[in-house]
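# Architecture and fold: a report
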Amino acid sequence: MDQGENRQNILIISGVIALIIATIAAIYFVFFYDGGGEENGEPPTFGETSETREGTNPERESDRESGSGVFDPESRLRLVHEEPTAGATTVLKGSEPPTSDETETDTTKDEFVRLLERESSHVFDVDLESLEKERLSSTTIPRIHEAIWTSGGDRVILRYLDEDNQTIKTYTAALVEKESELEAGETPFELSGEFLQDDIPQLVSSPKGSEIFWLDSAPTKTTGIVSAPDGTNQSAVFSSSFSEWLPQWFSSGTVNMTTKASGRTDGYSYDLPISTGQLERNIGDEEGLTTLTNPDGSYILYSVSGRSNLSVHIYNTATGNSRDLFIETLPEKCVWADTETAYCGVPEDIGSGMYPDVWYKGQTSFSDSIFEIDASEGNAQEIYSPSETDSENIDIYKPFISESEEYLIFNNKADMSLWAFSLDQTEELIIPGVDEVDGL
């Protein structure tokens, strides 16, 4: 074999290796990373977690044993589950029937966080008042990257990579109560369901969890499909030649469609009424645009970012005007409590880098304070600092408001542990008796 043939063979082998590397890179950017216009995919909800919890209280082990600190059910900030959590919701469970001297209002329901572990897909209920934990299901599906709860916590959609580490699997499952008598240590439920089609890039639940909206991406067309949580009653409601969308189902009849964000790329945000399937533009030509629409569509919280800068604004959809909030954060760290009030994790320090890309890729991590946002007034006020109060550095991620509206629930993006923060700031007012007042 002469040198020319050797050189040709080397070029062929190099080309094959390059193609394999490019294919792997493409899969990563389509499925794991939400940082770049038409080339990149969703943020690392299917992400890596750190093995250590940096900057936290070194006395946590003794706190665990004594039930103090974030293990104290009476503390405002509570650690619900230390293991990485793929997704959570809250459910209300009825208490014992009232006695004769109790009124109907005395029979308040207990609130539980229902969560699914990433590594095992085991399901737990955690009482938000006592932090007592019950394992509901031990059905094991390893390495779950995302769990989307629907149907009032009775059904969950599991998202993960198949054994080939390429194919996106979507399994929609119900919590089914076991009919046979339980053996010692056996859980009362199991997960049972069916698969949706492979390689669904994005899937979101309706506000009440009764339907899901997901994207079917073909080489030349992306279709938006509405269906029941189990995949039945499918209806195509949207079609676009553009594929890089992040949907958010914020009201019963409308989905927000925002282009995937990068600080290097101008982003655009649209409303998509399901009844018409036609995009209606609201915000555009903004670098690194990410959005969060309130429940009635009257306000959009959005951020604009780039290299070493990050700004947050409130867009009034009725007037078309925006107001600056003078905080630096991302809408992915926020949640609307009602049509005018939002809660956000706001980093105490923003390092250098291209945002939101570096946060999506896990190249930077934040230590957040909790802020309350008043959209009508355009105000943002700090209400709690985990680092100052609890010596906990928490990078708030996937926040949501509990069913009772009394708690803010969120992951710590650093390790995907699950936390609860009490929004109830009322304290019992103790009025002294006459004989307890000095001078009387």
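A short tour of the structure in this document, coming up. Here the structure is a predicted model, which means the values were calculated and not measured.

Reading the values: the criteria
Residues numbered from 1 in each chain as written. Predicted model: local features only at pLDDT ≥ 70, side-chain atom pairs only at ≥ 80, totals over all residues. Heavy atoms only, no water. Helix = DSSP H or I, 4+ residues; strand = E, 2+ residues; numbered from the N terminus. Buried < 20%, exposed > 50% of the residue type's maximum accessible area, 1.4 Å probe, protein only. Contact = heavy atoms within 4.5 Å. Areas by Shrake-Rupley, 256 points an atom, 1.4 Å probe, with all protein chains shown as cover. Pairing = 2+ DSSP bridges. Axes fitted to C-alpha atoms, helices over the stretch in contact; angles between N-to-C directions. Core = buried A, V, L, I, M, F, W, Y, C linked by side-chain atoms within 4.5 Å. Salt bridge = Lys/Arg side-chain N within 4 Å of Asp/Glu carboxyl O. Polar contact = N/O pair within 3.5 Å; in protein donor to acceptor, adjacent residues only side chain to side chain. Disulfide = S-S within 2.5 Å. Patch = residues over 30% accessible without salt bridge, like charges linked within 9 Å, V, L, I, M, F, W, Y side chains within 5 Å. Lys, Arg positive; Asp, Glu negative; His and termini not counted. Charge placed at Lys NZ, Arg CZ, Asp CG, Glu CD.

Next up on the list: the overall build of the protein. A tally of helices and strands in the protein yields 4 helices and 28 strands. In the protein, buried positions account for 52% of the 440 residues. In the protein, the share of contacts with a sequence separation of at least 24, taken over all contacts with a separation of at least 6, comes to 48%. A total accessible area of about 21700 Å² is found for the protein, and carbon and sulfur atoms account for 46% of it.

This next bit is on the sheet that holds strand S14 (residues 245-251). Taken in spatial order, the 4 strands make up an open sheet running S14-S15-S16-S17, and their pairing is antiparallel. The open sheet has two free edges, formed respectively by S14 and strand S17 (280-287), since each of these has just one partner strand. Taking the axes of each pair of neighbouring strands and ignoring which way they run, one obtains an average angle of 20° across the sheet. With 6 bridges connecting them, S14 and strand S15 (residues 254-259) associate as antiparallel partners. Across the sheet, residue glutamine 248 finds its bridge partner in S15, namely asparagine 256.

Mapped onto the elements, isoleucine 274 comes out in the loop between strand S16 (266-273) and S17. Note: C-alpha distance between isoleucine 274 and valine 255 (19 residues apart in sequence) is 7.2 Å. Ignoring sequence-local partners within four residues, the contact set of isoleucine 274 consists of Val226, Val237, Trp249, Ser252, Gly253 and Val255.

A few words on the nonpolar core. If you look at the biggest cluster of nonpolar residues, it comprises 17 residues, and the most contacted ones within it are Leu77, Ile370, Leu408, Phe410, Trp419 and Phe421. Of all elements in the fold, only strand S1 (77-81), strand S25 (379-384), strand S26 (396-401), strand S27 (407-412) and strand S28 (417-422) reach the threshold of two or more residues within this core.

What the 4 strands build is an open sheet, ordered S1-S28-S27-S26; its pairing is antiparallel. Edge positions in the sheet fall to S1 and S26, since each of these pairs with one other strand and no more. Neighbour to neighbour, the strand axes of the sheet diverge by 25° on average, direction disregarded. Sheet topology note: the S1/S28 ladder contains 4 bridges and is antiparallel. Bridging across to S28, histidine 81 finds its partner in leucine 418.

Next up on the list: the pattern of salt bridges. Across all of its chains, the model carries 11 salt bridges by this definition. Residue aspartate 285 is joined to arginine 281 by a salt bridge in which the shortest nitrogen-to-oxygen separation is 3.0 Å. Here the salt bridges do not stand alone but share partners, grouping Lys93, Arg114 and Asp125 into one network.

This part covers the environment of aspartate 296. Its place among the elements puts aspartate 296 in the loop between strand S18 (290-293) and strand S19 (299-306). Sequence-wise, aspartate 296 and threonine 339 are 43 residues apart; in three dimensions their C-alpha atoms are separated by 6.4 Å. Not counting residues within four places of it along the chain, the set of residues in contact with aspartate 296 comprises Phe250 and Thr339. Separated by 3.1 Å, the side chains of aspartate 296 and asparagine 294 make a polar contact.

Looking now at the state of the cysteines. Overall, the coordinates contain 1 disulfide when judged by the stated rule. A disulfide bridge connects cysteine 334 with cysteine 344, and the sulfur atoms are separated by 2.1 Å. Between cysteine 334 and cysteine 344 the sulfur-sulfur dihedral comes to about 115°; the bridge is accordingly right-handed. With cysteine 334 in strand S22 (residues 334-336) and cysteine 344 in strand S23 (residues 341-347), this residue pair connects regions lying 10 residues apart in the sequence. Neither cysteine 334 nor cysteine 344 differs from the other in exposure class; each is buried.

When S16 meets S17, the two strands line up antiparallel, connected through 5 bridges. Paired with glycine 267 across the bridge in S17 is glutamate 286. Hairpin remark: S16 followed by S17, antiparallel, with 6 residues in the connecting loop; positive phi at glycine 277, about 70°.

Turning to a negative patch on the surface, a few remarks are in order. Taken together, the side chains of Glu74, Asp110, Glu129, Asp296, Asp338, Glu340, Glu377, Glu403, Glu405, Glu406 and Asp424 define an acidic patch exposed on the protein surface. Here aspartate 110 is to be found in strand S3 (residues 110-117). Note on aspartate 110: relative accessible area 35%, which makes it partly exposed.

Moving on, we get to the side chain of histidine 122. Its place among the elements puts histidine 122 in the loop between S3 and strand S4 (123-127). Sequence-distant contacts of histidine 122, that is, excluding residues within four places in its chain, are made with Leu115, Leu116, Glu117, Arg135, Ser137, Ser138, Thr139 and Thr140.

This part takes up the environment of isoleucine 225. By secondary structure assignment, the location of isoleucine 225 is in strand S12 (residues 222-227). Since its relative accessible area comes to 9%, isoleucine 225 is described here as buried. Separated by 22 residues in sequence, isoleucine 225 and leucine 203 place their C-alpha atoms 9.5 Å apart. Contacts of isoleucine 225, omitting those with residues within four sequence positions, involve Ile212, Phe213, Trp214, Asp216, Gln234, Ser235 and Ala236.

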